[in-house]
Amino acid sequence: MNFYKHAATILDKLNERKGTIKGLVIGDPKVKDKKKMYALICETLKYKSILNELIDTTGICNEERKYLSSRSLAQVLIHDMLFTKRGIPMPNSVPQKMSVQRHQARLKAELAKIKVKRGAKTNEDLVSDKAKGAVLIPRYVRVNTHRMTIEKAMDAFMKEGYTFVQDTPADLSSLKPKQFCRDEHLSDLLVFAPKTDLHNHPLYVSGHIILQDKASCFPAHVCLPPKGAHVIDACAAPGNKTSHLSALMENSGRIWAYDLDSRRLDLLKRMTGKAGCQNISPIHKSFLDVDPSDPEYSKVEYFLLDPSCSGSGIISRLDHLVDDTAEQTGTDDLVERLKSLAEFQVSVIQHAFKFPQAKRVVYSTCSVHPEENEHVVRTVLAANPNFKLAPRESVLPTWPRRGLPGEFTGPDAIELANSVVRADPLHDMTNGFFVACFIRDLESDKPPKRKLEKLEEEEKEEEEEIPDDTKPVQVHQPQQHGKAEGKHINKKRRNRNKKRAAVTS
């Protein structure tokens, strides 16, 4: 019975947004049979709306509240009784099993009614398209270069009987079981067929490989700190992106990894430790409470910001189904939530800008909503003229899907959209994702004296270009020259005076 109670606790934490399925199952040392627990949680979430309808229709939680202490406990028990061949693998004398079996006939009858109402012939037909989409993308495997090279990883899988596909297929879903290939965009990523289960593989258990969605690997590659760099990972747990940074830096320099959730930070410590990371300093603290003027961070130039978001792009796992009920209540709550998230996201980015040596700040979300993506970038750029977006050449240039031009404003909307990265679950075989990279605008960041000197040089050059007969002369009668040319020169001088006033103000 402890197994089901533990499963119910995990579902409760998911509902309270206290973690992800992977973090709460794979990252919890108290879960002994991780594969079995992961399967139960995922399958229960797939049928969540049906299970809730059955619970509400039969009133089972009210009638059996002595033993069914929570709705989540009822969900996992009813799931196994109705949707698995094995049923509930516990003795019939266990009170919780007895309390569910007392309602077995009624539950089956109500399930049959739901099938008729929805035109479903099998239980699988009741699963929503949203849930079915969660298993369609490939299994991505990041090779942990702290432990082994990608070539050695490929050799290890081939020795186990996997077939390496030399030419990466355009349609990754065409990969068959026991086949894999290299990713065409990221050098440290391997791609396996969908549903490939490697959670118990020796290379995963030992930290040689990391199971990480392709889009989740984008931020570290965009940040790309050099060896010896000082880096801050502002919202670091559970640690996959942190360990990725560490691998790209070859365990050199230093990474400050902040997270306010102590449990998730413990998970980060375990995961980065297993990965062999030696340059990470995990800190239980909100990044927003870090003092940018602290001498400890005087050399920090690189930032990876992956703050809380709606998670609307996640389809490779079933965490997104936790929000199904909330999404059905209407759009008002979603609009308010997105507004709140965007305000927090903007505050995190702007705090990173306050660090004196900040020069490359990478912002990412696993959201498909423009409010958390292009709109956040738009707001940040408008409020911080000393930062701009890094050009496409340094932000995954070969990745084809970019930002949405319609969500930016002004004449440079297309250029701005081209500078950021999007991933579309329906077309790119990854989770939905967004990445933007801000870099310090060295030109706007120059001291006023240097700007003034440059402006004076430009003025001198302009004066030399003006013909002698158009330069002011001390005579009572104005010089006669073309009106259009005179207007052009006067306009240049007015613009020059405006620039000088802006610099000196």
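Anyway, here's the lowdown on the structure attached to this text. (Residues numbered from 1 in each chain as written. Predicted model: local features only at pLDDT ≥ 70, side-chain atom pairs only at ≥ 80, totals over all residues. Heavy atoms only, no water.)

It is worth spelling out the overall build of the chain at this point. On a plain count of helices and strands, the chain comes out with 21 helices and 13 strands. The buried share among the 505 residues of the chain stands at 49%. Restricting to contacts in the chain with at least 6 residues of sequence separation, those with at least 24 account for 72%. Split by element, the accessible area of the chain, about 25300 Å² in all, is 51% carbon and sulfur. (Helix = DSSP H or I, 4+ residues; strand = E, 2+ residues; numbered from the N terminus. Buried < 20%, exposed > 50% of the residue type's maximum accessible area, 1.4 Å probe, protein only. Contact = heavy atoms within 4.5 Å. Areas by Shrake-Rupley, 256 points an atom, 1.4 Å probe, with all protein chains shown as cover.)

Turning our eyes to something else, we now look at the side chain of Thr 44. With respect to the helices and strands, Thr 44 occurs in helix α3 (residues 34-46). A distance of 2.7 Å separates the side chain of Thr 44 from the backbone oxygen of Leu 40, its partner in a polar contact. Residue contacts for Thr 44: discarding those within four places in its chain leaves Leu 11, Leu 51, Gln 75, Val 76 and His 79. (Polar contact = N/O pair within 3.5 Å; in protein donor to acceptor, adjacent residues only side chain to side chain.)

Taken together, the five strands give an open sheet; going across it, the order is β2-β3-β4-β1-β5, and neighbouring strands pair in mixed fashion. At either end of the open sheet lies a strand with only one pairing partner, and these are β2 (163-164) and β5 (209-211). Judged from the three bridges that link them, strand β3 (residues 179-182) and strand β4 (residues 189-192) form a sheet pairing that is antiparallel. Looking at β4, one finds that Phe 180 is bridged to Phe 192. The strands touched by helix α13 (residues 240-248) within the sheet are β1 (139-143) and β5, with β1 carrying the most contacts at an inclination of about 40°. (Pairing = 2+ DSSP bridges. Axes fitted to C-alpha atoms, helices over the stretch in contact; angles between N-to-C directions.)

Glancing now at the pattern of salt bridges. For the structure on display, the rule yields 18 salt bridges. Glu 151 serves as the salt-bridge partner of Arg 182, at 3.9 Å between the closest nitrogen and oxygen. Placement of Arg 182 in strand β3 and of Glu 151 in helix α10 (residues 150-159) is noted, with a sequence separation of 31 residues between them. Residues joined by salt bridges that share partners form a network here, namely Glu 43, Lys 46 and Glu 124. (Salt bridge = Lys/Arg side-chain N within 4 Å of Asp/Glu carboxyl O.)

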